[in-house]
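Coordinate inspection notes
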Amino acid sequence: MASSLSTSLSSILNQPQCTLLRIGIQKRCYFSLRFLSSYSQASPDSRSYRRFSTRQIKCSLSLNLSRSFSHSLNLPDGPGLHHFIAQASLTASLPLPDLAPASEVSSVPASEVPSRGRIYQETYGCQMNINDMEIVLSIMKNAGYGEVIDVPENAEIIFINTCAIRDYAEHKVWQRLNYFWFLKREWKKNVATGRSQSQHPPKIVVLGCMAERLKEKILDADKMVDVVCGPDAYRDLPRLLEEVDYGQKGINTLLSLEETYADITPVRVSKNSVTAFVSVMRGCNNMCSFCIVPFTRGRERSRPVESIVKEVAELWKAGVKEVTLLGQNVNSYNDTSGLEKQAEPGANWRLSEGFKSMSKVKKMGLRFADLLDQLSLEFPEMRFRYTSPHPKDFPDELLYIMRDRHNICKYIHLPAQSGSSTVLERMRRGYTREAYLDLVHKIRQIIPDVGLSSDFICGFCGETEEEHADTVSLMKAVGYDMAYMFAYSMRERTHAHRNYVDDVPEEVKQRRLTEVIEAFRESTGQCYDSQVGTVQLVLVEGPNKKAPDTELIGRSDRGHRVSFIKMPLPDRDDVVTSWQNPVAGDYVEVRILRSSRASLHGEALAITKLSTFFNNMDEEAVACARS
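Bear in mind the structure is a predicted one, so any value in this text is a computation, not a measurement.

For the protein, the count of helices and strands is 21 helices and 23 strands. Within the protein, the proportion of its 627 residues that are buried is 50%. For the protein, restricting intrachain contacts to residue pairs at least 6 apart in sequence, the fraction spanning at least 24 positions comes to 72%. A total accessible area of about 30700 Å² is found for the protein, and carbon and sulfur atoms account for 52% of it.

Applying the stated criterion to the full structure yields 12 aromatic pairs. Both rings, one in Tyr179 and one in Phe180, keep their centres 6.3 Å apart while their planes meet at 55°; by these two values the pair is tilted. Seen in terms of ring centroids, Phe456 and Tyr480 are 5.7 Å apart; in terms of plane orientation they differ by 70°. Their pairing is edge-to-face. Here Tyr480 lies in the loop between α18 (465-478) and β18 (482-487) and Phe456 lies in strand β17 (residues 451-458), a separation of 24 residues in the sequence. One exposure class covers both Phe456 and Tyr480, and it is buried. Put simply, the rings of Tyr120, Tyr179, Phe180 and Phe182 touch in pairs and so form one group of aromatic residues. Of note, Arg185 hangs over the ring of Trp181, and the distance from its end group to the ring centre comes to 4.4 Å.

Quick look at the packing of helix α17 (residues 433-446) against α18 now. Packing of α17 against α18 brings their axes to within 12 Å, and their N-to-C directions diverge by 10°. The angle between α17 and α18 places the two elements in the roughly parallel class. Mapping the contact onto sequence places Arg433, Tyr436, Leu437, Val440 and Arg444 in α17 and Asp470, Ser473, Leu474 and Val478 in α18. Among the residues making up the contact of α17 with α18, the classes are represented as five nonpolar, one polar and three charged.

Now for the environment of His601. Here His601 is to be found in strand β23 (residues 600-608). Residues His601 and Arg561 lie 40 residues apart in sequence; the distance between their C-alpha atoms is 8.4 Å. The residues touching His601, leaving out its near neighbours within four places in the chain, are Glu551, Ser563, Phe564, Ile592, Leu593 and Arg594. In this structure the side chain of His601 is engaged in a polar contact, spanning 2.9 Å, whose partner is the side chain of Ser563.

This paragraph deals with the confidence of the model for the protein. Across the protein, the average pLDDT comes to 81, with 78% of residues at 70 or higher. Low pLDDT, under 50, characterises residues 1-113; the stretch is placed with 111 contacts to residues that sit more than four places away or in other chains.

This brings us to the nonpolar core. With 58 residues, the main nonpolar core has Leu325, Ile412 and Tyr480 as its most contacted residues. Not counting the four nearest positions on each side in its chain, Ile412 is found in contact with Tyr386, Phe394, Leu399, Met402, Ile443, Val450, Gly451, Leu452 and Ser453. Counting residues in each nonpolar core, the second largest holds 23 residues, with Met140, Phe159, Leu237 and Leu240 among its members.

We now examine the sheet that holds strand β21 (residues 561-565). Read around the closed barrel, the five strands follow the order β19-β20-β21-β23-β22; overall the barrel is mixed. Within the sheet, the average angular offset between the axes of one strand and its neighbour, ignoring direction, is 50°. Where β21 lies against β23, three bridges are found, and the strand directions are parallel. Within β23, the position partnered with Val562 by the bridge is Leu600.

Orientation of α18 relative to helix α20 (residues 506-529), taken along the N-to-C sense of each, is 20°, at an axis distance of 8 Å. Comparing the axis directions of α18 and α20 gives the class roughly parallel. In the packing of α18 onto α20, the handedness of the crossing is right-handed. Mapping the contact onto sequence places Glu465, His468, Thr471, Val472, Met475 and Lys476 in α18 and Val508, Arg511, Arg512, Glu515, Val516, Ala519, Phe520, Glu522 and Ser523 in α20. Within the contact of α18 with α20, the residues separate by chemical class into six nonpolar, three polar and six charged.

For the rest of this paragraph, the subject is the pairing of β17. Counting buried positions over the eight residues of β17 gives eight, a clear majority of the element. Of the two faces of β17, both are covered, the one formed by Gly451, Ser453, Asp455 and Ile457 as well as the one formed by Leu452, Ser454, Phe456 and Cys458. The pairing of strand β16 (residues 411-413) with β17 spans three bridges and is parallel. Following the sheet pairing, Tyr411 is matched in β17 by Gly451.

With 19 residues, helix α7 (residues 167-185) extends 27 Å from end C-alpha to end C-alpha; this agrees with the ideal 27 Å at 1.5 Å per step. Those residues of α7 not exposed but buried are Ala169, Glu170, Val173, Trp174, Arg176, Leu177, Phe180, Leu183 and Lys184. Check the buried side of α7 and you find it contacts β4 (119-123), β5 (157-162), α8 (187-192), β6 (203-208), α9 (209-213) and α10 (215-219).

Our focus in this paragraph is the side chain of Glu134. You can see Glu134 is positioned in helix α6 (residues 127-142). What Glu134 contacts, discounting residues up to four positions off in sequence, is Pro266, Val267, Arg268, Val269 and Phe277.

Definitions and limits used
- Residues numbered from 1 in each chain as written.
- Predicted model: local features only at pLDDT ≥ 70, side-chain atom pairs only at ≥ 80, totals over all residues.
- Heavy atoms only, no water.
- Helix = DSSP H or I, 4+ residues; strand = E, 2+ residues; numbered from the N terminus.
- Buried < 20%, exposed > 50% of the residue type's maximum accessible area, 1.4 Å probe, protein only.
- Contact = heavy atoms within 4.5 Å.
- Areas by Shrake-Rupley, 256 points an atom, 1.4 Å probe, with all protein chains shown as cover.
- Phe/Tyr/Trp six-rings, centres within 6.5 Å; stacked < 30°, edge-to-face > 60°.
- Lys NZ or Arg CZ within 6 Å of the ring centre and 35° of its normal.
- Axes fitted to C-alpha atoms, helices over the stretch in contact; angles between N-to-C directions.
- Parallel < 35°, antiparallel > 145°, perpendicular 65-115°, else oblique.
- Nonpolar A, V, L, I, M, F, W, Y, C, P; charged D, E, K, R; others polar.
- Polar contact = N/O pair within 3.5 Å; in protein donor to acceptor, adjacent residues only side chain to side chain.
- pLDDT = per-residue confidence, 0-100.
- Core = buried A, V, L, I, M, F, W, Y, C linked by side-chain atoms within 4.5 Å.
- Pairing = 2+ DSSP bridges.
- Left-handed = near helix turned anticlockwise from the far one by under 90°.
- Expected span 1.5 Å × (residues − 1).

Below, the structure is given as structure tokens:
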């Protein structure tokens with residue numbers, strides 16, 4: 001038997017028309033060999049060759065070998081497993097005969113590249129997921145999937161980019177997957193009734209953190225999903241989708257210590273937007289006991305400063321006026337791309353005073369303050385924000401850069417998670433309530449008109465009524481402009497899952513969450529009320545949805561939503577031109593007339609520029625000081 005099997009394999013491998021060997025190695029020692037024929041007598045004419053390549057004969061041979069059989073079988077005259085793997089490694093680097101090399105794809109106009117399938121996408125979770133989807137669309141566009149549509153019923157590929165931070169987000173994803181599975185399962189009927197216009201049953205692809213956390217469960221869910229791809233494997237998506245054509249499930253959830261997608265220009269989801277997100281680092285080293293991010297996003301790694309500056313320059317040319325820098329722990333940014341040696345023993349990675357970190361920095365490069373410094377100087381008329389930071393990484397130089405540069409917004413997201421030092425210790429946050437309050441005091445001393453926002457978790461493992469009361473009192477003591485508040489939900493694989501008990505009843509969590517929300521509403525009103533009577537610089541984002549014909553809306557430097565009546569205004573920098581209506585992308589001076597707990601309303605005064613507005617503010621401040 002062994003001899004005949006060896007002879008059969010050798011005869012197939014020696015056929016001249018079998019030019020490409022693909023090997024799939026899966027669990028239970030299953031080997032799948034695919035041979036793509038390309039007859040040597042095919043016409044050398046490129047057109048006839050491409051016509052032939054679309055009609056390639058695909059032969060497949062599957063060998064199901066048990067572990068014991070694979071160890072005992074000896075094929076002296078035929079190729080061994082090491083030969084298959086070597087051949088696969090060799091052919092993997094070669095372009096397919098009917099595909100142009102990657103270097104040639106970019107030179108072909110997008111309008112001349114036939115689409116390989118229409119894409120529909122849904123994204124859940126944080127801004128990082130939005131930016132990741134833009135990276136995915138860029139990768140897919142380069143692979144020939146250039147058309148993105150607005151409805152899943154007409155798509156050949158459905159991407160759902162997921163979040164695993166909270167249980168509610170995962171439930172929402174499962175609901176949508178059930179609907180997408182219906183579109184796939186009932187495709188013929190949906191086409192016949194006009195409900196669907198896709199060319200074939202859609203391939204369903206799960207991306208992001210949930211893909212990393214629940215990969216086996218997702219793939220086993222009644223065949224509803226075709227591809228599962230983690231946050232560090234998006235470059236592999238075109239290959240994974242091809243595997244589906246051969247009846248395989250596509251999965252790649254490997255985490256990387258290096259992947260930052262720095263060389264990929266994202267395809268912006270929001271067209272003609274005046275704001276954009278730019279990812280500057282990925283992953284997290286903090287290992288907070290409640291958080292799944294280090295296990296779904298991997299360890300921290302930062303993009304080189306040069307690649308970020310290049311991307312921001314492209315956005316500026318495209319008309320973007322405000323960029324939000326993104327990272328799981330954005331202010332721990334550390335560009336070591338120009339370093340060749342390890343950090344010297346005893347070197348100090350400066351943290352916020354009174355804070356500590358579980359992770360040690362091995363290489364010390366350019367920090368977040370250095371990145372903000374360069375961006376703010378290179379693009380003086382562009383506004384910069386960032387999220388989401390960790391309170392431990394606010395050294396003084398970062399605060400002074402924010403104070404001194406007018407185009408760095410005076411707004412800081414400062415996640416507290418709890419107001420109790422004992423809960424913070426169980427959460428492994430690296431600080432106490434007192435250290436957090438000291439940092440808030442320092443920030444407001446250096447940046448007096450700063451806006452603050454935060455995150456809070458209610459009902460963490462073992463939380464008592466006294467510890468909960470500490471959170472409520474912290475909320476009132478700080479006075480946040482914005483806060484994100486949630487009831488705790490246990491995440492598998494976290495430190496809390498391994499070491500603690502989720503012992504706070506759900507009804508108690510919800511009651512505590514309600515009390516924290518009420519405390520927030522009491523304090524945030526004061527933040528908004530303090531803006532009444534001031535003049536704010538507002539970046540216009542578009543019509544106000546509540547009054548699209550008569551009002552415009554945008555955000556102030558501090559992050560508040562500001563609406564105002566649409567009307568002709570003078571231009572501070574162009575006195576010759578007659579008055580004109582402001583449009584999306586304009587900076588407008590607005591005097592704030594009234595406030596609510598969620599927005600401000602004001603009177604528009606003039607169209608201006610960032611530099612003009614703040615130069616005038618500085619001159620007025622000097623005049624007031626002299627008088």
